[in-house]
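# Examination of the molecular architecture
Listed here are the chains, written in short residue letters.
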Amino acid sequence: MKGMKIMKKVLVVVDMQNDFVDGALGTKEAVRIVENVVNRIKNFGGKILATLDTHQSNYMETSEGKKLPVPHCIRMTNGWLLNEKVMMALSDKDYKTIEKKTFGSTRLVNEIRRIKGEDDIEIEFVGLCSDICVVSNVLLLKAYFPEVKMTVDASCCAGVTPESHKAALDTMKMCQIDVIGE
């Protein structure tokens, strides 16, 4: 029917890369969510966007490198790659990777805009780290798409610490993001 809007669903898998799971910046909380993320991907029926935190070999000379002097997610290294279990779950899905050079991604905004078109859209977020890149991308997308329903699955996210993870979830709730799986 002409004029009928379709409801599209998008899952954003934020930075489920080796360096954030069990590598340079990995945590036991990050390792614990891998199976939850894999199950969410396997059971998701829609477009999936997987972001990749992407740095170059000059990372330590960058603003971020000076504030967080731990080289990580250097492009084309093992730490930059998606976690193997996550990659396997994505392998038979409709997904696209988006490299991002900082916490929030305008490339992600542009891809959501392209997918959305004139249709309605719902966006769900999972991944790492809830208190840095997840919250940055959620709030960035909320600024561009204030009427879009956005959900964060807390059981599929982990922060730098359990305390900062909870603080990020509270912040997102205050900004009218639905948080499930707590």
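Scroll up to find the structure this text is about.
First, a word on scope: everything that follows refers to the structure included in this document. (Residues numbered from 1 in each chain as written. Predicted model: local features only at pLDDT ≥ 70, side-chain atom pairs only at ≥ 80, totals over all residues. Heavy atoms only, no water.)

## Let's talk about the nonpolar core
- By size, the foremost hydrophobic cluster in this structure holds 28 residues, and its most contacted members are Ile112, Ile123, Phe125, Leu141, Met150, Val152 and Met172.
- Elements with a minimum of two residues in this core: strand S1 (7-14), helix H5 (106-116), strand S4 (120-128), helix H6 (130-144), strand S5 (149-158) and helix H7 (162-174).
- It is H6 that provides the largest number of residues to this core, a total of 5 residues.
- Non-local contacts of Ile123, meaning those with residues more than four positions away in its chain, are made with Val10, Val12, Ile112, Val148, Lys149, Met150 and Thr151.
- Formed by 26 residues, the second largest nonpolar core is a distinct cluster that contains Ile33, Ile48, Cys73 and Ala158. (Core = buried A, V, L, I, M, F, W, Y, C linked by side-chain atoms within 4.5 Å. Buried < 20%, exposed > 50% of the residue type's maximum accessible area, 1.4 Å probe, protein only. Helix = DSSP H or I, 4+ residues; strand = E, 2+ residues; numbered from the N terminus. Contact = heavy atoms within 4.5 Å.)

## Looking at the pattern of salt bridges
- Following the criterion strictly, the structure yields 15 salt bridges and no others.
- For Asp15, the salt bridge goes to Lys100, with nearest N and O atoms at 2.9 Å. Taken together, the residues Asp15 in the loop between S1 and helix H1 (18-21) and Lys100 in strand S3 (residues 95-100) connect sequence positions 85 residues apart.
- Of the charged contacts, one joins Arg40 and Glu124 as a salt bridge, the two residues approaching to 2.9 Å between their closest N and O atoms. With Arg40 in helix H2 (residues 28-42) and Glu124 in strand S4, the pair connects residues that are 84 residues apart, well separated along the chain.
- If you follow the salt bridges from partner to partner, you end up with Lys166, Asp170, Lys173 and Glu182 in one network. (Salt bridge = Lys/Arg side-chain N within 4 Å of Asp/Glu carboxyl O.)

## Some remarks on the state of the cysteines
- Scanning the entire structure with this criterion turns up 0 disulfides.
- Of all cysteine sulfurs, the one in Cys157 lies closest to Cys156, which takes part in no disulfide; the gap is 6.8 Å.
- The thiol sulfur of Cys175 is not disulfide-bonded, and the nearest other cysteine sulfur, from Cys157, lies at 15 Å. (Disulfide = S-S within 2.5 Å.)

## With respect to the packing of aromatic side chains
- The tally for this structure, following the rule as stated, stands at 1 aromatic pair.
- Taking the centre distance of 6.5 Å and the plane angle of 45° together, the rings of Tyr144 and Phe145 count as tilted.
- Take Tyr144: its relative accessible area is 42%, and that puts it in the partly exposed class.
- By relative accessible area, which is 8% here, Phe145 ends up buried. (Phe/Tyr/Trp six-rings, centres within 6.5 Å; stacked < 30°, edge-to-face > 60°.)

## A look at H7
- For H7, with 13 residues, the first-to-last C-alpha span of 19 Å sits near the 18 Å given by 1.5 Å per residue.
- Those residues of H7 that sit buried are His165, Ala168, Leu169 and Met172. One side of H7 holds all its buried residues, which, seen down the axis, span an arc of 100°. Opposite its buried face, H7 presents the exposed residues Glu163 and Met174, each directed more than 90 degrees away.
- At the C-terminal side of H7, Gln176 shows a positive phi close to 65°. (Expected span 1.5 Å × (residues − 1). Arc of directions from axis to C-beta.)

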